[in-house]
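Residues per chain, in single letters:
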Amino acid sequence: METLTVREARSPSAVGREIRLQGWVRTRRDSKGGFSFLELNDGSCLGNIQIVVPGELPNYESEIKRLTTGCSIVVEGVIQASPGEKQAVELLARRIAVFGWAPPESYPLQKKRHSYEFLRTIAHLRPRTNSFGAVMRVRNTVCRSIHEFFQEEGFLYVHTPIITASDCEGAGAMFRVTTLDPTATPPPQPQDDFFGKPTYLTVSGQLEAEVFACSLGKVYTFGPTFRAENSNTTRHLAEFWMVEPEAAFFELPDNMDLAERFLKRIFRDVLERSAEDMEFFARWVEPSAVTTLQHVLQEEFVRLTYTEAVEILRQSGQDFEFPVEWGRDLQAEHERYLTETHFRKPVILSDYPRAIKPFYMRLNDDERTVRAMDVLLPRVGEIIGGSQREERLDVLTRRMEEQGLRAEDYWWYLDLRRFGTVPHSGFGLGLERAVQFITGMGNIRDVIPFPRTPGSAEF
Ligand code: 4AD
Ligand code: MG
C-alpha cells in the first residue's frame, strides 16, 4: 500500500486508490448515523483531508471517539469522490492507529484562532497552525526561487563565513564570538582568544562575496546574518537570512535591473506555486496580499535619486514624525510614503549622501553622494540594500579613514583593488522582509521559524 501526503491524496486523480495517510487530527465530528468525520492535516498543504470513519472499525469506541485536536494517527483506506460540497475527495478509513494523544486540557492549540503573540510563546507548536504552516511553505517557495533564479542567470553559489573579524556595515551592531571567560582574573586579553583576535558573527557576507565576484564573475551567498542593534520593531531581527548577489563588471543600473528581475521572479513563482497559501493570506491576513503582488509584477519599478526623493518628501505636505533634510537617513515612514502614497509602486532610490552609507560604496563625481541603491516596497519599506562598490584604491582608502576604519584590518579587501581591480556591484535581500511583504504578515517574528530579538531566544 502506498503512503501519500494529504496534498497528493487531495488530487482528483487519487480517487479509487487504496492508500495510507499520516498526520495530525484537526477536528473530529461524530455523526448520528454511528460514524465520524476527521479532518486530517500533515503540513504538505494548507487544506485538510476529510476522513470518514465507519463505526464498525474495531477501535471506534475505544480510540476514534477519543480523538481530539493534535492527536497523531495513521489511516489506511480508499480515496473516494466526496458527496459533500466542501471537498472533492475524502478517505474512507479501513484501519486507523493512534501514534500519540494530545489531551485537550493541556494541548495549547485548540480549534479557535490564537493570536500571533500567543503563538510566539509556543514556537515549537505554531508550525501546526494554518497561518504558520502557510508562512513556512511560502518561505520555502521563495528560497527555491532564489536558487533557481541565480543558477539560471549563471551565478555561482558561494558560502561565505559566519564568523568574521571584519565589520561590513559600520561599527556597533555586531555580536562578539569568544571562548574567553569575561569573569577571569586577570582579565582575558583578545590575543588569548580562540582566533587570536576579536571575532564576530557576520552582519553580511558581502566583503567575502566580493572576493569571489572578482575572480569567478557572478556569485551569490545566502545564509544567516546577525545584528545586535537593540531595535524592537516589526521589521528587525537579531538573526535573519540574507541573499547577496555580487557581480564583476556590473555598474549600478545593471544592479538595479538584476534586483527588479529577481524580485519579480520570486513574486511570480509564489503566485503560481503557492496559490492556495496566498489565497489564505488574502482571506485572513492582508486582503491585498495577492493583488499587490500582481500589481508589482505589472509595474516598472520607479528609479530616482535620494536627492529627488527628499524634494518630493519636503513638498508632500505630510506631517512626518522624523524631519526630512538632505543628509539625514530616510525613515520607514518616508520610504512608505514614497512607495505607498506618492508612486504607488516599488521604488529604487539611489545616490545617497556619502556620510550615511558604508565605506565600500562607490563615490560619485559630485563627491557628496555614493552609488547606493535601496529597493522600497509598500508595507515593509526597504527590502533590498546594495551598491556599486568603490574599486579605486585611493578613494577607498580615503573613505575608510573618514569612517575610522584601519586599512591593515582590511588588507585583503584592499588587495582586490591593488591587483586587477574591476567595477562591480551587488545587493542584499532580507529573506524575512521578502516573506513579510509577500504574505502581508505584520510582524517579522512571524515569518521565521525561531525569531531572535532583544531579550528573546527561548526556542
Ligand atoms: O541594507 P543592508 O544593511 O545591506 C547590507 O548588509 C549589504 N552589505 C548588502 C550587500 O550589498 N550585499 O541589509 C540588506 C537587507 C535590508 O534591505 C533588509 O531587507 C535586510 O537586509 N535587513 C534586515 N532584515 C531583518 N532584520 C534586520 N535587522 C535587518 N537588517 C537588514
Ligand atoms: Mg540598508
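Please refer to the structure placed before this passage.
This section reports on the structure supplied with the text. Worth saying up front: this structure is predicted, and the values here are computed from it rather than measured.

### As for the sheet that holds strand β8 (residues 163–164)
Taken together, the three strands give an open sheet; going across it, the order is β8-β10-β9, and neighbouring strands pair in antiparallel fashion. The open sheet terminates on both sides in strands that have one partner only, identified here as β8 and β9 (176–177).

### What to know about the side chain of Gln436
Mapping Gln436 onto the fold places it in helix α12 (residues 431–439). Looking at Gln436, its side chain comes within polar contact range of the main-chain oxygen of Thr234, at 3.2 Å. Non-local contacts of Gln436, meaning those with residues more than four positions away in its chain, are made with Thr234, Arg235, Val380, Met441, Gly442, Asn443, Ile444 and Val447.

### Quick look at the site of ligand 1
Neighbouring residues of ligand 1: 25 residues in total, closest Glu169, Gln206, Arg227, Glu244 and Glu382. Interatomic distance of 2.7 Å between a side-chain N/O atom of Glu244 and a nitrogen atom of ligand 1. Within the side chain of Arg389, an N or O atom sits 2.9 Å from an oxygen atom of ligand 1. Considering ligand 1 on its own, with 630 Å² of exposed area, one finds that the protein chains cover 94% of that surface. Counting residues per element, the ones that place at least two in the shell around ligand 1 are β12 (239–248), β16 (381–388) and β17 (424–430). Take the shell around ligand 1: its biggest share by element is five residues, from β16. Considering only residue class, the shell around ligand 1 consists of nine nonpolar, eight polar and eight charged.

### Quick notes on α12
Burial runs high along α12: nine of the nine residues are buried. When α12 is considered as a whole, its buried residues turn out to be Leu431, Glu432, Arg433, Ala434, Val435, Gln436, Phe437, Ile438 and Thr439. Within two residues after α12, Gly440 carries a phi angle of roughly 80 degrees, on the positive side.

### What to know about the environment of Lys65
Here Lys65 is to be found in the loop between β4 (49–53) and β5 (72–81). Once the C-alpha coordinates of Lys65 and Val53 are considered, the two residues, twelve residues apart in sequence, prove to be 10.0 Å apart.

### Some words on the sheet that holds strand β11 (residues 218–226)
As summarised here, the arrangement of the eight strands in space is β7-β11-β12-β17-β16-β15-β14-β13, forming an open sheet in which the pairing is mixed. Strands with a single pairing partner mark the edges of an open sheet, and in this sheet they are β7 (156–157) and β13 (302–305). Against the sheet, α12 makes contact with β11, β12, β15 (369–377), β16 and β17, and its axis sits at roughly 55 degrees relative to β17, the strand it touches most.

### Some details on the side chain of Asn59
Take Asn59: it is sitting in the loop between β4 and β5. For Asn59, a relative accessible area of 12% puts it in the buried group. Within the local environment of Asn59, its side chain forms a polar contact with the backbone oxygen of Ile96, the two atoms lying 2.8 Å apart. Discounting residues that sit within four places of it in the chain, Asn59 has contacts with Ile64 and Ile96.

### Re the pairing of β4
Buried residues dominate β4, accounting for five of its five residues. Side chains of β4 alternate between two faces, with Ile49, Ile51 and Val53 and Gln50 and Val52 buried alike. Across five bridges, strand β3 (residues 36–41) lies against β4 in antiparallel orientation. Bridge pairing in β4 links Leu38 to Ile51. With three bridges connecting them, β4 and strand β6 (residues 89–100) associate as parallel partners. Pairing of Gln50 across the sheet is with Glu90, part of β6.

### Overview of the pattern of salt bridges
Per the counting criterion, the structure on display carries 36 salt bridges. With a shortest N-O distance of 3.0 Å, Glu152 and Arg265 are connected by a salt bridge. Of this pair, Glu152 sits in helix α3 (residues 130–152) while Arg265 sits in helix α5 (residues 252–273), placing them 113 residues apart in sequence. For Glu152, a relative accessible area of 58% translates into the label exposed. The exposure class of Arg265 is buried, given its relative accessible area of 16%. Each of the salt bridges in this network shares a partner with another, and the network as a whole consists of Arg144, Glu148, Glu152, Arg265, Asp269 and Arg273.

### A short note on the packing of aromatic side chains
Counting across every chain of the model gives 19 aromatic pairs. Between Phe320 and Tyr337, the ring centres sit 5.7 Å apart and the planes meet at 80 degrees, which makes this aromatic pair edge-to-face. Linking Phe320 in the loop between α8 (306–314) and α9 (332–342) with Tyr337 in helix α9, this pair joins segments that are 17 residues apart in sequence. By relative accessible area, Phe320 is classed as buried at 16%. Each member of the aromatic cluster is reached from another via a ring pair, and the members are Phe149, Phe150, Phe155, Tyr157, Tyr220, Phe262 and Phe427. Directly above the ring of Trp101 sits Arg66, whose terminal nitrogen or CZ lies 4.2 Å from the centroid. For Lys357, the ring lying beneath its charged end belongs to Tyr352, and the centroid distance is 4.2 Å.

The rules we used
- Residues numbered from 1 in each chain as written.
- Chains lettered and ligands numbered in written order.
- Predicted model: local features only at pLDDT ≥ 70, side-chain atom pairs only at ≥ 80, totals over all residues.
- Heavy atoms only, no water.
- Pairing = 2+ DSSP bridges.
- Helix = DSSP H or I, 4+ residues; strand = E, 2+ residues; numbered from the N terminus.
- Polar contact = N/O pair within 3.5 Å; in protein donor to acceptor, adjacent residues only side chain to side chain.
- Contact = heavy atoms within 4.5 Å.
- Near = heavy atom within 4 Å.
- Areas by Shrake-Rupley, 256 points an atom, 1.4 Å probe, with all protein chains shown as cover.
- Nonpolar A, V, L, I, M, F, W, Y, C, P; charged D, E, K, R; others polar.
- Buried < 20%, exposed > 50% of the residue type's maximum accessible area, 1.4 Å probe, protein only.
- Axes fitted to C-alpha atoms, helices over the stretch in contact; angles between N-to-C directions.
- Salt bridge = Lys/Arg side-chain N within 4 Å of Asp/Glu carboxyl O.
- Phe/Tyr/Trp six-rings, centres within 6.5 Å; stacked < 30°, edge-to-face > 60°.
- Lys NZ or Arg CZ within 6 Å of the ring centre and 35° of its normal.

Bear in mind that shape data such as this cannot, by itself, settle questions of function.
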